[in-house]
Amino acid sequence: MSERALNVGVVGCGMMAAGTHIPLIAANAGLKLRWLCDLDVPRAKGLADRHGAAHVTADYRDVLNDPAVDFVVLATTHSLRGEFIQAAARKGKGVYVEKPMGSTPAEIAGILKAVRQSGIPLCVGHNRRSAPAVRAAMDVLDRWRAHPQIVPWRLDRNSHLRPPLAEEEQTLALLRVNDDILTWKPWAFGEGIILGEMTHFLDLANLFVARVPRRVMTMGSATTNATILVQYDDGSLATIVQSGLGTLDYPKELFEITHKGAMIALDHLVEMRVMGIPNVPFRSTFPPREPRDFDAPGIEGFYRAAERTIAERLKTGSNELFIGMPDKGHARHLDLFARCVRGEGPSPCSAEEGAKATILTLKAMESCKLGRPVDVSEGEWLAE
Ligand SMILES: NC(=O)c1ccc[n+]([C@@H]2O[C@H](COP(=O)([O-])OP(=O)(O)OC[C@H]3O[C@@H](n4cnc5c(N)ncnc54)[C@H](O)[C@@H]3O)[C@@H](O)[C@H]2O)c1
């Protein structure tokens with residue numbers, strides 16, 4: 001394919017599209033914003049005027065019927081997924097679909113079938129996979145998995161006297177998420193936060209553990225506070241601790257991954273700490289989404305900015321909101337998908353990877369409802 005700019009349509013121009021996808025597409029020299037589609041046409045028109053999209057519609061078929069469109073970003077509420085992707089597949093259009101990829105196993109199966117039969121490029125918006133901090137962690141973890149060692153400084157109390165343990169090959173991942181329900185849309189409460197939000201973290205758990213999930217158990221509420229435990233085929237475990245009653249004043253997400261005597265910690269996607277692996281620095285830092293918000297690198301920058309906001313509130317009685325947003329990988333995810341549409345690389349989250357995380361999410365919801373562990377079968381996302 002030539003290096004002309006790819007023509008992009010956006011279907012669903014709500015908060016996510018207006019705040020992230022549309023500005024990213026408009027700012028990307030390799031992309032051209034061609035269509036904005038929303039049921040609320042004046043909203044789409046306002047965004048088109050601001051960001052320079054040529055066409056506006058309330059009917060997504062107009063976008064898919066345009067032969068010039070290369071791919072579409074689907075960022076509607078969760079109600080439109082299978083029907084849209086199947087229509088896009090018939091027209092040969094690539095799709096970047098916001099999470100969740102679908103809301104039922106049948107919908108996901110229909111999407112997988114349409115993508116496999118048509119061969120359209122598809123990317124699920126599990127954008128944290130493409131966050132610089134996550135990519136750095138995966139780089140360290142992959143190298144450690146390929147060449148693990150017993151480092152000379154590890155305290156070894158006669159390990160040669162004990163039998164080898166199966167657990168020595170396992171990975172443990174802890175993902176702690178601090179969120180605030182007051183920031184959530186009313187529609188997110190209907191289906192619960194597990195589907196809308198935990199898909200991101202279940203996808204990350206799959207990425208970090210790199211094994212096949214076999215069982216999931218959720219305790220708590222599908223809406224606010226929940227702990228999800230996933231067991232993988234080699235016994236590896238991922239635990240996701242989600243609070244909907246935390247505060248944005250504190251870092252939202254902390255991931256800790258242990259494997260073969262090493263710890264990789266990702267603090268709010270702005271800092272990675274690595275211990276137990278030779279020749280890897282203890283601390284690496286990653287710029288936040290708005291670098292001007294932080295005056296120091298890494299998590300220290302977050303705390304200093306939060307401290308300033310809290311001191312200001314105490315001093316003046318102001319109600320200033322603090323959001324030290326990290327780079328969650330949206331720009332890079334879109335860029336990698338554009339390369340995939342050009343035939344220059346794989347999708348940063350393929351239909352199968354997306355389905356694996358989404359099916360696991362649906363099973364986590366089922367477990368929450370039933371109050372017991374639920375088995376997961378890879379037949380639901382692998383090719384028959
Ligand atoms: N990846 C992330 O970081 C992230 C963050 C927030 C939201 N999201 C996801 O993005 C999606 C949108 O979330 P949001 O917060 O922008 O929601 P929103 O309610 O603000 O916007 C949804 C928009 O979709 C439009 N819409 C609904 N059905 C439509 C249809 N059939 N055709 C055209 N337009 C239609 C609505 O009019 C609305 O403007 C959701 O899937 C959500 O889970 C992703």
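Preceding block: the structure.
Residues numbered from 1 in each chain as written. Predicted model: local features only at pLDDT ≥ 70, side-chain atom pairs only at ≥ 80, totals over all residues. Heavy atoms only, no water.

Student: Requested: an account of the sheet that holds strand β14 (residues 283–285), with residues and values cited.
Tutor: If you trace the nine strands from one edge of the open sheet to the other, you get β14-β13-β12-β11-β7-β10-β9-β8-β15, paired in mixed fashion. The open sheet terminates on both sides in strands that have one partner only, identified here as β14 and β15 (374–375). As judged from the five bridges shared by strand β12 (residues 262–267) and strand β13 (residues 271–275), these two strands associate in the antiparallel manner. Bridging from a neighbouring strand, A265 pairs with R273 of β13. Against the sheet, helix α9 (residues 298–316) makes contact with β12, β13 and β14, and its axis sits at roughly 135° relative to β13, the strand it touches most. (Pairing = 2+ DSSP bridges. Helix = DSSP H or I, 4+ residues; strand = E, 2+ residues; numbered from the N terminus. Contact = heavy atoms within 4.5 Å. Axes fitted to C-alpha atoms, helices over the stretch in contact; angles between N-to-C directions.)

Student: I'd like a description of the sheet that holds strand β5 (residues 94–97), backed by residues and values.
Tutor: The six strands lie next to each other as β3-β2-β1-β4-β5-β6, forming an open sheet whose pairing is parallel. On the outer flanks of this sheet lie β3 (55–57) and β6 (122–124), each paired with one strand and no other. Across the sheet, the mean angle from the axis of one strand to that of its neighbour is 20°, orientation sign disregarded. Where β5 lies against β6, three bridges are found, and the strand directions are parallel. Paired with Y96 across the bridge in β6 is C123. The strands that helix α2 (residues 41–51) touches are β2 (31–37) and β3; relative to β3, the one it contacts most, it runs at about 165°.

Student: Just give me the short version of the pattern of salt bridges, but keep the residues and values in it.
Tutor: Close approach of charged atoms lets side chains of opposite charge pair. Per the counting criterion, the structure on display carries 26 salt bridges. One salt bridge connects R116 with E352, and the closest N-O pair in it is separated by 3.0 Å. Of this pair, R116 sits in helix α5 (residues 105–118) while E352 is found in helix α11 (residues 351–370), placing the two residues 236 residues apart along the sequence. For E352, a relative accessible area of 29% puts it in the partly exposed group. The partner of R304 in a salt bridge is E300, and the shortest N-O contact between them spans 3.0 Å. One end of the pair is R304 and the other is E300, both in helix α9 and four residues apart, which spans about a single turn. When its relative accessible area of 35% is taken as the criterion, R304 is described as partly exposed. (Salt bridge = Lys/Arg side-chain N within 4 Å of Asp/Glu carboxyl O. Buried < 20%, exposed > 50% of the residue type's maximum accessible area, 1.4 Å probe, protein only.)

Student: Help me get a handle on the side chain of D203, residues and values and all.
Tutor: Tracing the backbone shows D203 in helix α8 (residues 193–209). Overall, the relative accessible area of 1% leaves D203 in the buried class. Those residues in contact with D203 that sit more than four places away from it in its chain are H126, R129, C349, E353 and A357.

Student: Could you give an account of the site of the ligand, naming the residues involved and the relevant values?
Tutor: Taken together, 22 residues are adjacent to the ligand, and M16, D38, R81, N127 and K185 come closest. The backbone of M15 places a nitrogen or oxygen atom 2.9 Å from an oxygen atom of the ligand. H78 is positioned with one of its side-chain polar atoms (N or O) 2.9 Å from an oxygen atom of the ligand. Its free accessible area being 860 Å², the ligand has 83% of it covered by the protein chains. Among the residues forming the shell around the ligand, the class breakdown is eight nonpolar, nine polar and five charged. Here the shell around the ligand spans two domains, and each of domain 1 (6–127 + 332–348) and domain 2 (129–154 + 162–329 + 358–380) adds at least three residues to it. (Near = heavy atom within 4 Å. Polar contact = N/O pair within 3.5 Å; in protein donor to acceptor, adjacent residues only side chain to side chain. Areas by Shrake-Rupley, 256 points an atom, 1.4 Å probe, with all protein chains shown as cover. Nonpolar A, V, L, I, M, F, W, Y, C, P; charged D, E, K, R; others polar. Domains from an automatic or database assignment.)

Student: Got a sec to walk through unusual backbone geometry? Specific residues and values, please.
Tutor: A cis geometry characterises the amide bond from K99 onward to P100, with omega recorded as -5°. Looking at where P100 falls in the secondary structure, it is placed in the loop between β5 and α5. Not every positive phi belongs to a glycine, and N158 is a case in point at roughly 60°. Here N158 lies in the loop between α6 (132–146) and β7 (171–178). Overall, N158 belongs to the partly exposed group, its relative accessible area being 45%. At N279, a position not held by glycine, the phi torsion is positive, near 65°. The topology assignment puts N279 in the loop between β13 and β14.

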